[in-house]
Structures are given as structure tokens and as C-alpha cells.
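Secondary and tertiary structure notes
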Amino acid sequence: MTATVSSPPLHAPGVPELSRRRRTRDVLATVMVHVAFAIAMVPLVWILYSVLGHGWHLLLDSTWWTNSQRNINPERAGGGVYHAIFGTLAQALICAVIAVPLAVFTAIYLVEYGTGRLARAVSFTVDILTGIPSIVAGLFIYALWVTTFGLQRVGLAASLSLVLLMVPVVVRSTEEMLKLVPNELREASYALGVPKWKTISRIVLPTALGGIVTGVMLGLARVMGETAPLLILGPYASSINTDLFNGNMATLPTMIRENFGLPDQPAIDRMWASALTLIVLVLLLNIAGRVVARFSGVKK
Amino acid sequence: MAILTGRPGPGTSPPPADLSSTGRFGDRVFHGLSTGSGIVVIGLVTAVGAFLLAQALPALVRNDANFLTDRVWQVDGDPLRFGIPDLLWVTVISSLVAMVIALPVAIGVALYLTEYAPPRLARPFAYLVDLLAAVPSIVYGLWGATIIITYVAPVQTFLGSVLGWIPLFSTENAITGTIFLASIVLAVMILPIITAISREVFAQTPLTHKEGALALGATRWEMIRTTVLPFGTPGTISAAMLGLGRALGETIAVSLIMGTTNGAFSWSLFSGGETFASRIANNAQEFDTPTKAGAFIAAGLVLFVLTFVVNAMARVVIERRKAFAE
Amino acid sequence: MAQRIDVKDLNIYYDRFKAVEDVSMTIEARSVTAFIGPSGCGKSTVLRTLNRMHEVIPKATVTGTVDLNGRNLYDRDVDPVAVRRTVGMVFQRPNPFPTMSISDNVAAGLKLGGERNKAVLAEAVERSLRGANLWNEVKDRLDKPGAGLSGGQQQRLCIARAIAVEPQVLLMDEPCSALDPISTLAIEDLIEEIKTNYTIVIVTHNMQQAARVSDRTAFFNLAATGKPGRLVEMDDTTKIFSNPGRKETEDYISGRFG
């Protein structure tokens with residue numbers, strides 16, 4: 001019998017029927033949670049549809065991928081996004097080079113070494129870092145880089161502010177993964193006379209690698225889409241700049257911001273097209289991260 | 001054998017071959033690197049607070065207005081006059097409204113994913129909700145400022161005509177890029193955060209509790225109301241607060257959506273304004289003197305403290321729940 | 001190669017809780033010694049102190065001495081890592097490294113110990129797998145993951161991994177409790193074969209197993225719940241199972257226990 005609670009079988013001797021009120025409430029709740037899920041899907045579909053609809057045609061042009069916006073003003077169509085993609089990728093890469101080792105070793109500390117007050121303090125500060133508004137991270141690097149050291153607003157400064165936002169993401173995901181590695185494997189390794197650091201680096205980390213890579217990719221996706229710190233630290237430039245230490249460097253978010261609010265159709269098109277480019281980049285990283293997680297999870 | 005019996009007694013330093021064979025040096029390096037990284041993280045957070053405070057102080061000292069109560073923001077020239085009550089109001093009210101909108105939907109989605117969705121679809125569906133968190137906030141800003149603005153305007157008009165006698169819904173200086181619109185977009189942005197955490201705690205409801213309720217003849221909804229919801233309440237509260245913390249600090253979406261009111265303050269959701277974050281972002285290109293930047297850094301410091309308090313409260317609720325569950 | 005172990009006045013603690021009290025015993029070389037006793041009596045805990053695995057658990061400490069060939073394992077200048085090279089261990093549940101192939105699993109101890117010579121490693125892999133009676137079953141799929149083997153094969157793989165580093169003593173913590181009867185038999189045969197080269201200590205819940213494989217048997221018990229475990233008696237296995245010296249041993253063995 002597959003009789004559900006809301007539609008009891010007709011011939012059920014001895015089984016009293018549910019009161020109408022209870023049944024109505026149950027059905028109502030079922031409808032409500034379905035509606036809630038539908039409501040949650042509306043913005044996702046709507047956003048993807050809007051960005052795709054307004055932005056796709058520029059992406060089909062090969063110059064979009066190979067050119068910068070040099071010598072192109074808002075009223076003129078043409079040019080590409082190459083300079084902004086380069087800036088976004090370069091800043092994210094430098095950010096990852098700094099943030100990933102720091103975050104992975106912090107996670108190793110929390111799972112494999114940390115005890116007592118220091119471990120609790122580290123864990124607490126990672127929580128704070130998770131909640132830090134990105135604009136505050138930008139202000140901090142501004143206060144350090146520009147006001148204190150008197151340096152210019154260059155690509156590297158933007159990268160540094162992104163480090164603060166990437167570290168907590170990678171620490172938390174790595175920590176989760178390390179905790180999933182069964183203790184039996186550590187014991188097996190110790191029992192072979194393998195020292196602790198080799199046990200961690202050669203047994204524990206490889207076992208957790210898939211999950212760590214996923215965390216790094218999700219962290220990268222997060223920092224690539226960040227705009228707020230770049231408004232303070234990474235002014236837009238319309239030409240290609242490959243030097244992280246000198247001059248303004250374009251990024252996808254600042255390119256979108258640059259073209260926002262302008263009345264000219266070419267600028268509006270560029271705004272949507274660069275938003276689509278950013279979404280594609282971020283979603284690709286995101287999906288790739290999930291795929292890695294799917295196929296190399298810790299086998300229990 | 002040689003390793004065990006051939007080692008020198010205490011006081012003499014062991015030969016280097018032994019060191020490498022036992023990995024003592026590697027252990028020290030690895031332990032040092034890990035502990036050092038943890039300390040660097042603590043140092044980073046401390047430095048954020050210290051630097052913001054150090055650079056906000058000179059501007060606060062030169063401030064002729066009351067920082068907490070005066071509704072002015074003149075940071076060009078000397079003396080400075082700036083205060084934060086407007087920013088505080090817009091920041092808090094936009095985030096609170098966002099949370100009020102997002103929370104019921106998030107709880108519904110989390111219940112759907114844990115209790116109602118077909119098991120095979122629950123994971124992909126949860127992933128779709130998580131994708132909402134992957135959309136960059138500037139894209140939310142574009143969507144809010146150029147697309148849904150036209151659909152929200154009639155809603156505002158309607159609400160204003162019905163509830164206009166309440167100051168919060170007054171349409172007196174109504175514009176299109178309103179706090180209300182920003183709140184709706186913020187609600188969408190924090191929805192995946194609240195959903196993810198609620199989903200996790202709902203899923204942890206002990207099966208025995210649920211089966212117990214069902215065995216007593218409870219309907220699915222009664223089972224949820226008597227076991228899943230009470231079990232998940234502390235987790236959901238902290239999820240809501242983490243969402244609130246995220247909304248308080250959101251910058252670019254708010255900055256693109258909200259029109260500024262040029263000083264005309266209103267309690268209404270149907271006016272514009274600036275949050276801490278959006279005021280800093282809107283003026284970021286004009287940080288030319290340290291004192292001027294200091295005024296904005298002071299605003300940033302208040303935002304930092306605000307989000308810190310909200311997040312810390314959320315953590316306390318989670319920790320207490322953990323202690324309770326054990 | 002094999003060596004004898006002398007345990008003297010051993011007390012084992014978890015933080016402030018005394019888990020095992022006042023154990024003194026001698027474990028003979030080239031023989032199989034079985035530890036038996038009810039759950040929670042501390043037999044596995046004693047076993048883990050013989051290669052200093054006990055102290056892997058936070059706040060776990062030990063007093064007393066464990067001498068291996070006249071050298072106290074708990075002397076201050078003895079490195080626990082070196083102890084574990086000399087005293088190998090096989091665990092209750094088979095735990096091959098999931099990221100490694102069969103041959104890498106066997107070679108893991110040597111490789112992580114710094115051995116890089118491929119010929120040496122290959123020779124050790126074959127010797128250890130033959131020693132663990134697994135060679136014929138896996139020789140054609142040495143590069144396949146170790147996790148793909150059956151439970152009994154995985155446990156023999158773990159034994160091969162343990163003997164690959166050429167320890168002198170092999171500790172086995174209920175090595176058959178997760179295995180079916182046929183795999184159990186294979187492991188017992190293997191213990192019989194390798195005892196000529198190693199000193200073997202095995203913890204088991206299965207008294208027939210203790211009677212079948214061991215030369216000497218040590219019986220552990222607790223005075224009461226919450227009290228520390230202690231060694232009741234230790235003697236030749238035939239004597240323990242036919243004519244034990246203490247009444248509580250007899251009660252336990254004949255099933256009239258508790």
C-alpha cells in the first residue's frame with residue numbers, strides 16, 4: 001500500500017480519518033515549502049536570463065576576447081575585455097599564491113597540532129575573518145599600503161586585500177576535509193615509524209586533496225567577483241597593464257562599474273557583456289570545484 | 001636495532017644521520033609553519049582593527065561635529081564635520097528588512113530540501129540554491145538597478161498607498177532607487193547563506209525524534225513542527241544573524257541600487273540613502289588627504305565593529321547549541 | 001632479528017584516569033603471545049604502549065619501563081618514531097592508504113623513511129607480500145588501489161606493509177575481528193608461519209583463536225568497573241586453557257564470567 005497521510009484509503013477499518021484541520025495544515029505546509037523553493041529559483045533564473053540576454057552577442061565577437069578598451073569611448077562600440085580578464089586572473093592568482101599556503105597551514109594547525117587557548121583564538125579569528133565586509137578589507141589595505149607606506153593603488157594592493165577574503169574560505173574547507181580523513185590512517189602511518197610531518201604531508205594531505213582543491217576554487221570564485229576593495233585599491237584602466245607593481249589595472253568588476261549608469265548603448269552592451277564574462281568565469285570555477293569534490297572525495 | 005640501541009645518552013647531541021632518519025627537524029619545521037600561520041591569521045585580524053582605529057582617530061579628533069549624533073558629512077577642508085546616524089539607520093534598516101524577507105523563504109527552502117524534495121533531487125537542488133551565492137555582488141547590483149527596479153516600483157506605490165501613514169512606508173520623497181529595492185536584492189543575496197546553515201541543522205535532527213513523532217500519528221507537518229523546527233531553531237537564529245552580518249557589509253550592490261538623497265533624511269524605506277559601505281565605495285576615488293580618508297575609515301571601523309558584534313552573537317548561539325547537543 | 005620484551009611496573013593513564021595498573025611481564029622472542037580478557041580490561045592499551053602508540057592520544061601517559069633487548073623504550077632520548085620502526089603494528093580494522101596502490105601501500109614505510117632505490121623497494125614489496133601470503137593474489141595488479149581488495153586481503157596487505165620495514169616485533173590488535181572465518185583462518189596460518197622471524201603479540205576476543213595461535217597467554221581483568229585493568233596471570237597457553245592458576249581466569253575461560 002502506498003496510501004499517503006493526506007489521502008487515506010477508503011476501506012481502512014479501525015483506522016480513524018484525520019481531522020480536516022490537521023489534513024489542511026499538512027497540505028498547506030507542503031504547498032508553502034514548494035513555493036519557497038520556487039521563489040528561491042526565480043532570481044537565479046532571472047539574473048542568468050537577463051545577463052545572458054543582454055550580453056551574449058558581444059561575447060561571440062573574437063575581438064571581445066583579444067582586445068582591450070584602449071582608445072574606445074563610451075559612445076563607440078568595439079574593443080574587448082582582454083585587459084580586464086587579465087587583471088582579474090592575475091590578481092586572483094597572486095592572491096591565491098599568498099592565501100593558499102597560509103590557509104592550508106592554518107587548517108593543519110587547527111586539526112593536527114592546535115590545542116588549548118591558541119587554537120581557540122585562531123579558530124575565533126578565522127570566524128571573524130569570514131564575516132569581515134570586503135570593503136573593510138579594502139580599507140585596511142588602503143590604510144596600510146597607501147597611508148602608511150605611501151605606495152600607489154596598484155594591482156598588488158588589490159590582491160592583498162583579496163587575501164583577507166580568501167583565507168577564511170580555504171581554512172574552513174581544508175579544516176573540514178582534514179577532519180574527514182580517518183584517524184586510522186594517521187595511526188597506520190605512525191605505526192610504520194613515519195614521523196608526524198611526513199604523515200601529514202604524504203598521507204593526510206593527499207587523502208584530503210580533492211576537497212582542498214575544491215575549497216581553493218570556491219575561494220577563487222569568491223575573490224574574482226569581489227568589487228568593493230577594488231573600488232578603493234584598483235582603479236580601472238582601459239588599456240592592458242601586465243605590471244602588478246605599477247599603474248592602474250583593469251578587472252572585470254571595475255570594468256562593469258565603469259560602464260554602469262552611462263546613457264550610451266555601446267557602454268550598456270559592454271556592461272552586460274563583461275558581467276556575463278565574469279559570471280561565466282566564476283561559474284566555471286564553481287562547477288569545476290564541485291566536480292573535483294565529487295570525484296575525489298575522501299573514501300569512507 | 002642501531003637506531004634504538006646505538007643512540008647517545010642524554011646531554012650529547014645526536015649525529016645528523018639520526019636526525020634525518022627520525023624526522024625531528026622536519027617535525028619542528030612543519031609544526032612551526034602551522035603554528036606560525038595560525039598566529040599570522042590572528043595578527044591579520046588584530047592589524048585590521050588596529051590600523052583602522054589608528055587612522056580613524058586623527059580625523060575623529062579634528063571632527064567638529066558629534067560623530068554619533070550629527071547628520072552632516074563635510075570632509076573637504078578644515079574643520080571636518082561628520083557624523084554617522086544616517087548611515088547607521090540606512091545600513092541597519094536595509095539589512096533588517098532583507099533578513100525579514102529572506103528568513104521565511106530560507107526556512108521553507110531548507111525544509112523543502114531536507115524533508116520534502118525527492119532524495120535524488122535534493123542534492124542538485126541544494127546546489128542550485130548555492131549557485132545564488134556564487135553570483136558576484138556587482139551582478140546583483142546591475143540586476144537590481146536596471147531590471148527589477150521597474151517591477152518593484154508599482155509594489156512600492158501600492159504599499160505606500162495602503163501603509164503610507166506609517167513613517168517607514170511614507171512616499172513623501174519617494175524615488176526609484178530605494179532602500180526597499182536594496183533590501184529585496186540583499187534578501188536574495190543572503191538567502192543561500194541562511195538556507196545552507198538551516199539545511200545543515202535541520203538534517204541533523206535525530207531520526208529517532210522524527211520517527212517517534214510519526215509513530216504517534218503525526219502528519220509530516222506536525223512532525224516537522226514538533227521535532228525539526230525546535231531542534232533547528234538555535235541554528236536558524238545564528239544563520240539569520242550571519243546573513244544579517246553579510247547584508248550589513250554589502251557594498252557594490254547597494255551602491256549601484258540606492259539613489260542618494262543629498263542630505264534630505266527620511267525614515268521611509270521608499271527613500272534613498274547610503275550605508276556605511278556604499279558611502280565609502282561612492283567616495284573611494286576621492287581619498288586624497290589622510291584626514292579625509294580618516295573620516296571614511298572611521299565609518300569603516302563602525303561597520304567592522306557592527307558586523308563583528310552580529311557575527312560573534314551568531315557564533316555564541318551556535319556554540320551554545322553544540323554544548324546543548326552533546 | 002626477533003627480540004624479547006620485558007615490561008616492568010607499567011602504569012598507563014589517560015589524563016588523570018589510570019587505565020592499567022602495575023603490569024610486569026616478559027614476552028619471549030620468536031613466539032606468539034596472546035592477550036585475552038573482557039572488554040575494557042586494558043589489553044589493547046597495554047599493547048599500544050609496546051610501540052609507544054599510546055601517546056598519540058592527547059594527554060595519555062605511562063610510568064614504568066618497557067625494555068626491548070635491554071633498552072627502555074621510554075628512556076628520554078629514545079625517539080618514538082624509531083621505536084615504531086622496530087615494533088610494527090596491525091590494527092583491528094584493515095586501513096590501507098586510500099590514495100596509494102597495492103605496491104605503494106606495502107612500500108609506504110620504506111619510502112616515507114627515505115628509501116628511493118626502485119630495485120630495493122620492488123624487492124621489499126615482493127618479499128613482504130609473499131611473507132603475508134598475498135603475492136599470488138595481487139601480483140598482476142600491484143598498481144591498483146589497495147582499497148579494492150576484500151577485507152581479508154586488505155588485512156594481509158596491512159600485515160605486508162608492517163613487515164616491509166623489517167620490524168623485530170609485530171603487534172596485532174584484534175586483527176581478525178572485522179573478518180569472515182575463511183579470512184581469519186588465512187591470517188592465523190600466516191601468524192603461525194611468520195613467528196619464526198618475529199616476536200608477535202596479539203590481542204584477541206576469541207579464546208579459540210588464542211588457544212590455536214599462541215604459545216603464551218596473558219589474561220587481563222578489571223577489579224570492578226571504573227577501576228584500572230591489571231594482569232591477572234601469564235603462562236603457557238596450554239596451561240592457561242587446561243589448568244589456570246587463578247580462579248578468575250578459569251571463570252573467564254569457561255564462560256562463567258560476570
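Details of the structure are given in the entry above.
Notes on the structure follow. (Residues numbered from 1 in each chain as written. Chains lettered and ligands numbered in written order. Predicted model: local features only at pLDDT ≥ 70, side-chain atom pairs only at ≥ 80, totals over all residues. Heavy atoms only, no water.)

**Looking at the packing of aromatic side chains**
- For the structure on display, the rule yields 19 aromatic pairs over all chains.
- Between the aromatic rings of Phe-105 of chain A and Phe-30 of chain B, the centroid separation amounts to 5.5 Å while the plane-to-plane angle is 70°, which identifies the pairing as edge-to-face. Of this pair, Phe-105 of chain A sits in helix α3 (residues 82-113) while Phe-30 of chain B sits in helix α3 (residues 24-62), placing the two residues on different chains. Taken as a pair, Phe-105 of chain A and Phe-30 of chain B share a single burial class, namely buried.
- Ring geometry for Phe-287 of chain B against Phe-296 of chain B: centres 5.2 Å apart, planes inclined by 25°, an arrangement best described as stacked. The burial state of Phe-287 of chain B is the same as that of Phe-296 of chain B; both residues are buried.
- Just above the ring of Trp-267 of chain B sits the side chain of Arg-71 of chain B; from NZ or CZ to the centre is 6.0 Å.
- Above the face of the Trp-73 of chain B ring, Arg-279 of chain B is positioned so that its terminal group lies 4.9 Å from the ring centre. (Phe/Tyr/Trp six-rings, centres within 6.5 Å; stacked < 30°, edge-to-face > 60°. Helix = DSSP H or I, 4+ residues; strand = E, 2+ residues; numbered from the N terminus. Buried < 20%, exposed > 50% of the residue type's maximum accessible area, 1.4 Å probe, protein only. Lys NZ or Arg CZ within 6 Å of the ring centre and 35° of its normal.)

**Points about the packing of helix α4 (residues 85-116) of chain B against helix α5 (residues 119-134) of chain B**
Residues and elements named next belong to chain B.
- Packing of α4 against α5 brings their axes to within 9 Å, and their N-to-C directions diverge by 155°. On the basis of the axis angle, α4 is roughly antiparallel to α5. By crossing handedness, the relation of α4 to α5 is classed as left-handed. Residue-level inspection shows Val-109, Tyr-112 and Leu-113 of α4 in contact with α5, the latter providing Ala-122, Phe-125, Ala-126 and Val-129. (Axes fitted to C-alpha atoms, helices over the stretch in contact; angles between N-to-C directions. Parallel < 35°, antiparallel > 145°, perpendicular 65-115°, else oblique. Left-handed = near helix turned anticlockwise from the far one by under 90°. Contact = heavy atoms within 4.5 Å.)

**With respect to a nonpolar patch on the surface**
- On the surface, a nonpolar cluster with roughly 410 Å² of combined accessible area is contributed by Phe-124 of chain A together with Val-305, Phe-308, Val-309 and Met-313 of chain B.
- Counting residues per element, the nonpolar patch draws most heavily on helix α12 (residues 290-325) of chain B, at 4 residues.
- Checked against the element boundaries, Val-309 of chain B lands in helix α12.
- Among the residues examined, Val-309 of chain B registers a relative accessible area of 40% and is labelled partly exposed. (Patch = residues over 30% accessible without salt bridge, like charges linked within 9 Å, V, L, I, M, F, W, Y side chains within 5 Å. Areas by Shrake-Rupley, 256 points an atom, 1.4 Å probe, with all protein chains shown as cover. Salt bridge = Lys/Arg side-chain N within 4 Å of Asp/Glu carboxyl O.)

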